[in-house]
Amino acid sequence: MPSQLEELLSKFKYIRTLNQDEVNKSLSLYGFISLNGEDTVSKENRAILHINKQNLTASDILNYNNFKNTKDNDCYHWGEGSLKTKDNASDYKFNLIYPATDKHLSKYEYQNKNFQVIETPEIYKNVVKPYIDYNINEGSIQWVYNIIQGKTEQEFVRFNEPDFLVLPDMKWTDETDIKNMYLLLLFKDSKFKSIRDFNSEDHLLMLKNVRKYVEFEILKKYGNTSIEKVKLYFHYQPSYYQLHLHIVHADNEINYKSMLLGKDCHFLDTVINNMEIAIDYYQRCNMVYYLTDSSELYRRIKKAD
């Protein structure tokens, strides 16, 4: 019996290529999935198909088969299989997002118009925080709540503590390949959307305890890896608004884009140090990051200027 994502993928109708990354060997396609016979794209049926580990063009894709390790969570559908091209059949992994939101499109489409944002505490209060609330109210992170509430992906949870859980990122499919380690530590308390929410001694203690847990529990499971060989960092702006810490091997080259310091990467040790200097540091500081001019958050910030 075909999986849910196989059925969805069989109805995927290609519109255009969003992005082709030859360095990471990935391809992002935009289209729609017709479930009721419609032949045009809409906000209700649009979809993004992201394929990893292949240098492909849209016209290369003829068919796919031998699906395995498929999983579904809200609008996200992941899997692995064999992709038949003009010359041969190769293994690949993919992520189908359906229905896709404007934020998904902004994330996956190639952009050549990145602009610096200097987010003051006032901009955060008046523009960014309302934007975060809007995203959450729209249900954009329901898939995260599903994991935290134990509804989906529990077979992938490697550590489950009262304050957080840990699971491998979808990019890390072989957990014996320590060099490519990529784990996510997902905080359970919904009041933590980003590092902007840190403001107390209790929060500082929580972060210090997380660091100890990573060093003495998590990395022990993965070959007694030294904490000096991993990068522990938050993103700001994050890709979704439930606080999460990235745990990535220092030699991991595949996911280098996620670790660009100076773009939106804030190391855990730096966050701890800043809070030791001033416990309300993240309420008082300016945050610098880059957004594309097509993003909803960028439009809101510029409108408020």
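Let me begin by describing the structure that accompanies this report.

Definitions and cut-offs
Residues numbered from 1 in each chain as written. Predicted model: local features only at pLDDT ≥ 70, side-chain atom pairs only at ≥ 80, totals over all residues. Heavy atoms only, no water. Helix = DSSP H or I, 4+ residues; strand = E, 2+ residues; numbered from the N terminus. Contact = heavy atoms within 4.5 Å. Areas by Shrake-Rupley, 256 points an atom, 1.4 Å probe, with all protein chains shown as cover. Axes fitted to C-alpha atoms, helices over the stretch in contact; angles between N-to-C directions. Parallel < 35°, antiparallel > 145°, perpendicular 65-115°, else oblique. Left-handed = near helix turned anticlockwise from the far one by under 90°. Expected span 1.5 Å × (residues − 1). Bend = angle between axes of the 7 residues up to and from the residue. Phe/Tyr/Trp six-rings, centres within 6.5 Å; stacked < 30°, edge-to-face > 60°. Buried < 20%, exposed > 50% of the residue type's maximum accessible area, 1.4 Å probe, protein only. Core = buried A, V, L, I, M, F, W, Y, C linked by side-chain atoms within 4.5 Å. Pairing = 2+ DSSP bridges.

Along the chain, the regular secondary structure elements total 8 helices and 14 strands. By sequence separation, contacts in the chain at least 24 residues apart represent 63% of the contacts at least 6 residues apart. Accessible area for the chain stands at about 15600 Å²; split by element, carbon and sulfur atoms hold 47% of it.

In this section: the packing of helix H3 (residues 121-137) against helix H8 (residues 296-304). For the pair H3 and H8, the least separation of the axes is 10 Å and the interaxial angle reads 150°. In terms of orientation, H3 and H8 fall into the roughly antiparallel class. Considering the relative orientation of H3 and H8, their crossing is right-handed. Contacts between H3 and H8 involve Ile123, Val127, Val128, Pro130, Tyr131 and Tyr134 from the first element and Glu296, Leu297, Arg300, Ile301 and Ala304 from the second.

Our focus in this paragraph is H3. The end-to-end C-alpha separation of H3 is 22 Å, in line with the 24 Å expected for 17 residues at 1.5 Å each. At valine 128, H3 shows its maximal bend, which comes to roughly 35°, and the proline proline 130 appears one to four places after that position. At the exit of H3 stands glycine 139, carrying a positive phi of roughly 80°.

Our focus in this paragraph is the packing of aromatic side chains. Counted by the stated rule, this structure contains 11 aromatic pairs. With centroids separated by 5.9 Å and ring planes inclined at 85°, the aromatic side chains of phenylalanine 159 and tyrosine 213 adopt a geometry described as edge-to-face. Highlighted residues: phenylalanine 159 in strand E8 (residues 159-160) and tyrosine 213 in helix H5 (residues 201-221), separated in sequence by 54 residues. Across the pair, exposure class does not vary: phenylalanine 159 and tyrosine 213 are buried alike. When the centroid spacing of 6.2 Å and the interplanar angle of 80° are considered together, the rings of tyrosine 233 and phenylalanine 267 count as edge-to-face. You can see tyrosine 233 sitting in strand E11 (residues 230-235) and its partner phenylalanine 267 sitting in strand E13 (residues 265-267), a full 34 residues away along the chain.

We now examine the nonpolar core. As a rule of thumb, nonpolar side chains are buried together in soluble globular proteins. Ranked by size, the top nonpolar core spans 72 residues in total, and within it Leu185, Phe198, Leu207, Ile218 and Phe234 carry the most contacts. For this core, the element with the highest residue contribution is H5, accounting for 8 residues. The contacts of isoleucine 218, once residues within four sequence positions are left out, are Phe159, Val166, Leu183, Leu185, Tyr213 and Ile247.

A few words now on the sheet that holds strand E12 (residues 244-249). Read from one edge to the other, the open sheet built from 6 strands follows the order E8-E9-E10-E12-E11-E13, with strand pairing classed as antiparallel. Each having just a single partner strand, E8 and E13 make up the two edges of the open sheet. Helix-sheet contacts for H5 involve E8, strand E9 (164-168), strand E10 (182-187), E11 and E12, and the interaxial angle to E10 is about 140°. Strands E11, E12 and E13 of the sheet are contacted by helix H6 (residues 268-277), whose axis makes an angle of about 70° with E13.

Attention now moves to the pairing of E11. With 5 of its 6 residues buried, E11 lies for the most part within the structure. Across 4 bridges, E11 lies against E12 in antiparallel orientation. Residue pairing in the sheet places lysine 231 in a bridge with valine 248 of E12. Here E11 runs beside E13; their pairing, made up of 3 bridges, is antiparallel.

Omega for the bond connecting tyrosine 236 with glutamine 237 falls within 30 degrees of zero, at 0°, which places this linkage in the cis form. Following the sequence through the fold, glutamine 237 ends up in the loop between E11 and E12. Notably, glutamate 153 is not glycine yet its phi reads approximately 60°, a positive angle. A positive phi angle, near 50°, is found at asparagine 224, a position not held by glycine. Here asparagine 224 is to be found in the loop between H5 and E11. With relative accessibility at 58%, the residue asparagine 224 sits in the exposed group.

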